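# Breakdown of the fold
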Amino acid sequence: MFKRIFGIALAFGMAATAPPAFAKSCAQREHVIAKLQDSYSEELTFGGLQKTRGAQAIMEVWTSKETGSYTVLVTQANGISCIVAVGTDFFEAIPKIKLKGQPS
């Protein structure tokens, strides 16, 4: 019985301390930015602060008008950036123009 409980506790303990699956897409911000600029011709389009679990992170969207690719990054205070989304066929929404005056 002790061996079974010990085995289960060990398995759950190892699973709890394992790095998350998305950790492979994280690196120092400088390395991630260099890769986006050099390999994908992406540049910073917009970003902002994101509140996460009592801390703050920076969320950025990098896009390329040449290739249409985009990348969403989240950078923590320690300088580690994680790629949370990538895609193709990026487009910019054009706001509708409201005409002044009375409708006819």
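Residues numbered from 1 in each chain as written. Predicted model: local features only at pLDDT ≥ 70, side-chain atom pairs only at ≥ 80, totals over all residues. Heavy atoms only, no water.

### Considerations on the state of the cysteines
Overall, the coordinates contain one disulfide when judged by the stated rule. A sulfur-sulfur distance of 2.0 Å marks the disulfide that ties C26 to C82. Handedness of the C26-C82 disulfide follows from its S-S torsion of about 110°: it is right-handed. With C26 in strand 1 (residues 26-28) and C82 in strand 5 (residues 80-87), the pair connects residues that are 56 residues apart, well separated along the chain. (Disulfide = S-S within 2.5 Å. Helix = DSSP H or I, 4+ residues; strand = E, 2+ residues; numbered from the N terminus.)

### Observations concerning the packing of aromatic side chains
In this structure the tally under the stated criterion is one aromatic pair. When the centroid spacing of 6.2 Å and the interplanar angle of 50° are considered together, the rings of Y70 and F90 count as tilted. Taken together, the residues Y70 in strand 4 (residues 70-75) and F90 in the segment after strand 5 connect sequence positions 20 residues apart. Y70 gets classed as partly exposed once you look at its relative accessible area, which sits at 26%. Residue classification places F90 among the partly exposed positions, given a relative accessible area of 26%. (Phe/Tyr/Trp six-rings, centres within 6.5 Å; stacked < 30°, edge-to-face > 60°. Buried < 20%, exposed > 50% of the residue type's maximum accessible area, 1.4 Å probe, protein only.)

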